[in-house]
Amino acid sequence: MSFAKSRLKAARDHIGKKDYLSAKNDAIQVLEYEPDNYNAHVFLGLALLELGEFEQSEQMYSKATKLNQGQLLAWQGISKLYERTEKWDKYAETLIELMNLYESSQDAVKCAETLQKLIAVQRTHGSRSQLISQLSYYLPGSVYYAVLSTLPEPDPTNPTGSTISEARNAIHNGLPILEEIVDLTESSEEDTYNREVEKRRMRLGAASPEQLRKDVLREICKESKLPVLYDAILNQPSTSDELRRLTESKLLRWKERYLHSIPMASDTLAIKRQISQELDEMINGIVLLHTPDELGWQIFFDGKDCEDMSGYDQEHVREYINLFPESALALLFKGYLAFKNTPISDDEESLNDTQDDPLDIVLNAYTSLSKTIIGNRIIGEIHLHEEDFENAIKTSKLGLEVLDKLESNTGKSLLKTRAGLQVILATSLVHFFPPKHHKQASAIIDEVLSRSPNNTSCLMGRAFILQAALEWENAAAVFDQISSLLPDDLDVGLRAREEAAWCRCQLGHSETGLQELQQILIDLSDLSDDSRNSDCARCLWRIGKCHMDIGVPNVENAYKSFIAALKRDSGFAPAFTSLGIYYSENATPPDPLRASKCFQKAFELDPRESVAARRLVEGFADDREWDLVEVVAQRTIDGEGGLNAGLEKSELDATSRYLPLNSWAWKAIGVVKFHYKDYPSAIQAFQVALRVEPEDQALWVRLGEAYNKAGRHVASLKALHHAHELDPDDWLCSYFIADVKQRMGLFEEAIVILEAIRVAQPAEAGVLSLLAQAHLDLGRMEVGDGFEIRAEASFVAAIEMALEMIELVPGFRTMAWKVISDAAFQLSLSSAFVDEAGVRDALQAIVFLPSPDSAEKLVKLIPPPIVQDGNTLTGLHVISVTIHACLSQISLHSLNQTSNSTAWYDIGVALQSWLSKAPSSVDAATAHDLIVECLSKGLQADASNDQYWVALGNAHFLSHAKAAQHAYIKALEIDAKNSGTWVNLGLMYFYHGDVEVANEAFYRAQVLDPDNTAAWLGQFLLATANGDDADAHLLLEHAVGLTNPIAEADYEFAYRVFKTPQEGDKPQDSLLRAFFLLNRYCQRRPSEVSGLHLLAIVCERLGHFTFAEAQVERAIGILETAYEETEDPEVEHRYTIANATLGRLRLAQGDFGGSIASFESALGLLAEKDDGEDEGTRVVRVQAHLGLGLAHFYRGELEEALAFLEDGLGCAGEDGVLRGQIMIVLGQTLWAIGTEESRETAKSRLLECISSDPENLAAINTLAGMGILADDDGLVDAAFSEILALPIDQKHKLDPERHVDYLLVQHHLAQDDSKHALSVAQHAVSAEPSSLEQRNRLTSLMIQNGNTESGLALLMASAQSENNNGGEWEKATVALSMQAVALAMHWDDKADKGDLGRQALRRAQRAIMGRPSELRGWQTLAYVCARWVRVDK
């Protein structure tokens, strides 16, 4: 023990001398001797602290505190350690432990000092909540308050003379501490609120922002200490009045926010009522004590439950104005009191000393009070008083929205306030463009009256609604009820008496009503008030109306009453309307001028005077003053609220939309808009009118007509069909239906309808005109669809109908001649007529008018056509009819002095067509000049038509490039989006060599219309000119696939396809598209020999020999006729080629006699040629000899065949290809003769051919076939030696059909050498493993040799290939057949015969489904079925 004490004493001395290392050693020695020595731990901890060994120091101090928690020394040391190491949280905890020790020892000074340190640390390094917690130690209720309260009061003379001055001030005056805690708590809660709202806002499924804020606020307020702190401040004796008011204001706002955040739920209703009651007590205290808290007063006024403004205590209003004279609500009160002429205080005679308009004051103040009930109520009442019903509706609705929110927030039900706002809304709705909002107003009135049955404002509204619905008796009863409630009232009561009397007048009790109105007029006159003049005028007018209703004796009295009414109020519009009616109907004599002036005056004063407006519109319409009609009708519509009943669409009730009172105004607007071609507006107007008069048949017709003009044909048909249902006998409706169908392209249906109308209206010009146009348009459509015969009949019918027009309705002859010229022009495009007699009869019936003098040159060039029986009718005759029909049209234009631009344009276009058909002897220069002249005359009459400029450009296309360019550019200035004009311009540039600009023009056309075929053809021409054949082919292919084909493009593409070498297993497939295009070309150009001949050749390759023969015969007939007329050598040459083609086709069909005749005809024509014939002629000659040789060969005339073939061989000369073809046929013919000599000759000829042309596969195969037939291995080897030595790829390229492999297999089989045959087939499969044909050949050999299992395995691979090669279905069906046979042969050795049998049967059936016309499939099925039956047996 003495050792420990001595060491401790030494350690303490060393510490005093700051020899901390020695102190450390001493303390350690003590601890080694006495491990639980408290002082040793403390000394060691201090030494380690000073030596910088903080971690070991902390351990020593901590152990010391555990050894003796009540000793201060270790706690003081560890607090010093934490302070030095800046471990502020642990430092604060240590200080609290020290405070607990001081509190236990009742050492107030040390406790205060420690608390001061603790608060200083938290101010610098702690959080806001920690500082609040530490500051709270100064407040009553704290565990340290008792000991701290023993501190002496602060010395005001020496405030800093003590180390605990801060604590002494805080203990004896806690108000500053409370204020600081409140500020910190408010900031903390605000930060928490913002943080939580932001965090929850981003969650999925989060509530609305408003609800989210309420939820967060409720959670915070529920745990908030602010109310307690506010109460503590208020209870402090030292709290100043200013601070008290500020704190009360904060508490008020806190409670309001908390109240608004609590939902109206069962579990929160109690706390909501409690907070609401506390808030009411605070507000009542504010009002009672006249506390200047603006929010409290505003809550007081908004929470006041009263039906009108009289429910607000004037003293409270005046007190508020005194407290907050510059606030928005005070200004609102001042303005309202001034508006009502009510002084602010009892000693004031006027509102104030300002000159501002009370209404302006109220409106300016309202901008800040739009979210308050009192603000919306006051402004709504003022708007209602000023009859500004629209704004009264808006403000009252807004007030009700605010009220709903207030009731939800406070949990209170302000029924009287709601009723007051509803009265404003309902009254405004009643008088705002009545009766459009009456349905909505009725619902509100019923709700108010259910709670307050004697509410006179609502009763008046209900009575006015009944009046508007013409329920006069019920309205009178309600007005009488109001009169009984307000018997002495000179405002509402007197008005109710007047309205009741007026209702009785409308019920027919004119005498009674007149007496009552006269008494009311006396009562109104007794009131010496100028504001009653309008009421007197209304009463006088009603008295006048009663006199008018009584009859003639009282008419003059009525007139006097109307005049008296206007004297009382010169702006009373109904009196002017009644005066107008009097002047027009009752005055003697009638004075329409004065009546019109009265109507105008009435309408100027009030656009709701619909009677005056309608009479004005009728008068203006009779005078065709459409602008005035529109002005009056539109103002009438505006006077009734327009489409939206005076409100925005968002504010408008759905039932109140489009309910016009004056449907006639909408009809008038529709007619005017239709007249000015504003069809969408006309449609809208007619639709609105039909909502009121849905059974107005004429209006439905007008709507249908407007739809038709606007291009909405389906809607037009619906409207017109409905009109037809309303009146089936209205032929005009049927006419419009036909017109719509004609515009939709349903010409046949339109013609049927028009023919039916024509029966009842045979001379109706419009019907005949539309019928003729329908026939013409039908013909044009049929031409486009390729129905030439139908089109011809339609054009003839159009001409006949036009002739009937000329006879029946001479006034429409111009239209008739236009139809005749258009129909004749279309007929002229046909090269031949199916019903030539019908066309001739129609043309013979035309009697042309005398030509105008300006067309003398034209008539001289093209005299009037004479269509005679017996002569063949050509397009040249018909186009002459077109030209003279246009001249007749011009003659009529000259008589009528109207524009004839269309006729001159038609003549120009027809002349161009005539020039293309005219014989070469015609003076083309004169014709061209006339074309330009006619088109120029058309442009002089109408230079704004771009088609005229295009036609002029086409006329100058070849001869005058600059003029053509100018014309096209003028057309583009008129319509820059016409793709056809851009194409013409591009073609003109291309023709004259400007390729770059042409490309730009074609590109612009393609942008405007991607489906313009001519634009794509232009690009094709450019690509061809640039030598880009691949792009040219793609462009041409795209062009022929568009919806508007061009015949020349069809021919060009088909020719290119025909000339392109065809590759693949089925080269004829690529010719199918050429066939369809050429067929379409020949339908559009039936007399074009080149197209017919090429179509025949394409059909020959496709195997359609009969159709091809028919086309060639047509071409031969055309060429024969042309040669007889011109004897052109080129025609003769084409005729020769056509005969050669015909010979080939007949030979292919087995018509050997006909073939010989055709070839001999060709040879006969070629015999006249000189020896220096060209290549083409030699080819035709060789082909004719070859054809003759083949024809004689097939007829068995071998000697004749040999002779022709020898001649052909001589004609071939040194041409290897021609000689090879002839040589093969010659060899086959020699072999067919059968003699040893002839066969040897055949072999030698073929060997000679092969030696000169080693790649002539046909000669090789023919020679090999001869070797197989003669069983001559050497000949077979000689034939195949060259080709077998080639590499596989070259061999396959030379032999795409694999004839060599086939012949080798057949050769070995003929020698009964199946082994070598299998070897050849296997090598073929190895070279082409994916070839179904080679696999099938090998499989067939395997099955024939009995190796069915290997065959089946190979066939399964073939089946897989079948699934992957959709284009080889024919070969796949062969594989299926062989699979079926192999399975049928294989099941004898298998136990599951039923399964194999079903598989074989399925494969045989699939082969038949793939190729039903293939005999092999049916034979396979029969074999499988037979095997199945045999096995079953």
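Just so it is clear, the structure is predicted and the values come from calculations on it, not from any experiment.

*Asks:* Can you explain the packing of helix 48 (residues 946-955) against helix 49 (residues 961-974)? Please cite residues and give values.
*Replies:* Closest axis-to-axis distance for the helix 48/helix 49 pair is 8 Å, and the angle between their directions is 165 degrees. With respect to helix 49, the element helix 48 is oriented roughly antiparallel. Where helix 48 crosses over helix 49, the two elements pack in a sense that is left-handed. Contacts between helix 48 and helix 49 involve Asp-946, Trp-949, Val-950, Leu-952, Gly-953 and Asn-954 from the first element and Ala-964, His-966, Ala-967, Tyr-968, Lys-970, Ala-971 and Ile-974 from the second. For the contact of helix 48 with helix 49, the residue count by class is 8 nonpolar, 3 polar and 2 charged.

*Asks:* Which residues make up helix 42 (residues 813-828), and what values go with them?
*Replies:* For helix 42, built from 16 residues, the straight-helix expectation of 22 Å at 1.5 Å per residue is met to within 8% by its first-to-last C-alpha distance of 22 Å. Counting buried positions along helix 42 yields 13 of 16 residues, so the element is predominantly enclosed.

*Asks:* Quick rundown of the confidence of the model for the protein? Include the residues and the values.
*Replies:* Of all residues in the protein, 83% have pLDDT values of 70 or greater, and the mean over the chain is 83. The least confident element of the protein is helix 66 (residues 1288-1294), whose mean pLDDT is 55; the most confident is helix 37 (residues 713-726), at 94. Counting interchain partners and residues more than four positions distant, the pLDDT-below-50 stretch residues 348-353 has 7 contacts. Across residues 1361-1367 the pLDDT falls below 50, and counting only partners more than four positions away or on other chains, this stretch makes 5 contacts in the model.

*Asks:* So what's going on with the nonpolar core? Which residues, and what values?
*Replies:* The biggest cluster of nonpolar side chains holds 156 residues, and the ones touching the most others in it are Phe-479, Leu-703, Leu-754, Ile-799, Leu-827, Leu-843 and Ile-846. Look past the residues within four positions of Leu-703 in its chain and what remains in contact with it is Ile-683, Phe-686, Gln-687, Leu-690 and Ala-719. In terms of nonpolar packing, the next biggest core, distinct from the first, is built from 95 residues, Leu-252, Ile-275, Ile-299 and Phe-300 among them.

*Asks:* Outline the packing of aromatic side chains, supporting the account with residue identities and numerical values.
*Replies:* Evaluated as defined, the whole model comprises 28 aromatic pairs. Each residue in the set Trp-297, Phe-300, Phe-301, Tyr-312, Tyr-320, Phe-324 and Phe-333 is aromatic and connected to the rest through ring pairs, giving one cluster. Residue placement shows Arg-257 over the ring face of Tyr-193; its charged tip is 5.7 Å from the ring centre. The ring of Tyr-583 carries Arg-594 above its face, with NZ or CZ at 5.2 Å from the centroid.

*Asks:* Any details on the pattern of salt bridges? Residues and values, ideally.
*Replies:* Taken as a whole and assessed by the stated rule, the structure comprises 61 salt bridges. Between Lys-340 and Glu-381 there is a salt bridge, with the nearest N and O atoms lying 3.6 Å from each other. A residue pair is termed long-range when its members are at least 10 positions apart, and Lys-340 in the loop between helix 18 (328-339) and helix 19 (358-366) and Glu-381 in helix 20 (residues 373-385) qualify at 41 residues. What makes Glu-381 partly exposed here is its relative accessible area of 21%. A salt bridge links Arg-1056 to Glu-1052; the shortest N-O distance between them is 2.9 Å. Of this pair, Arg-1056 and Glu-1052 both sit in helix 54 (residues 1047-1059), separated by 4 residues, roughly a single helical turn. Here the salt bridges share partners, and the residues they tie into one network are Arg-495, Glu-498, Glu-499, Arg-532, Asp-535, Arg-538 and Arg-542.

*Asks:* Tell me what's going on with unusual backbone geometry, and back it up with residues and numbers.
*Replies:* In this model, Pro-434 is joined to Pro-435 through a cis peptide bond whose omega is 0 degrees. For Pro-435, the position within the fold is in the loop between helix 22 (415-431) and helix 23 (438-451). Pro-589 follows Thr-588 through a cis peptide bond whose omega is -10 degrees. Summarising the element assignment, Pro-589 is placed in the loop between helix 30 (573-586) and helix 31 (592-605). With phi around 60 degrees, Glu-387 is a residue other than glycine that occupies positive phi space. Along the polypeptide, Glu-387 turns up in the loop between helix 20 and helix 21 (389-410). Backbone geometry at Leu-470 places phi at a positive 65 degrees, although glycine is not the residue there.

Rules of the game
Residues numbered from 1 in each chain as written. Predicted model: local features only at pLDDT ≥ 70, side-chain atom pairs only at ≥ 80, totals over all residues. Heavy atoms only, no water. Axes fitted to C-alpha atoms, helices over the stretch in contact; angles between N-to-C directions. Helix = DSSP H or I, 4+ residues; strand = E, 2+ residues; numbered from the N terminus. Parallel < 35°, antiparallel > 145°, perpendicular 65-115°, else oblique. Left-handed = near helix turned anticlockwise from the far one by under 90°. Contact = heavy atoms within 4.5 Å. Nonpolar A, V, L, I, M, F, W, Y, C, P; charged D, E, K, R; others polar. Expected span 1.5 Å × (residues − 1). Buried < 20%, exposed > 50% of the residue type's maximum accessible area, 1.4 Å probe, protein only. pLDDT = per-residue confidence, 0-100. Core = buried A, V, L, I, M, F, W, Y, C linked by side-chain atoms within 4.5 Å. Phe/Tyr/Trp six-rings, centres within 6.5 Å; stacked < 30°, edge-to-face > 60°. Lys NZ or Arg CZ within 6 Å of the ring centre and 35° of its normal. Salt bridge = Lys/Arg side-chain N within 4 Å of Asp/Glu carboxyl O.

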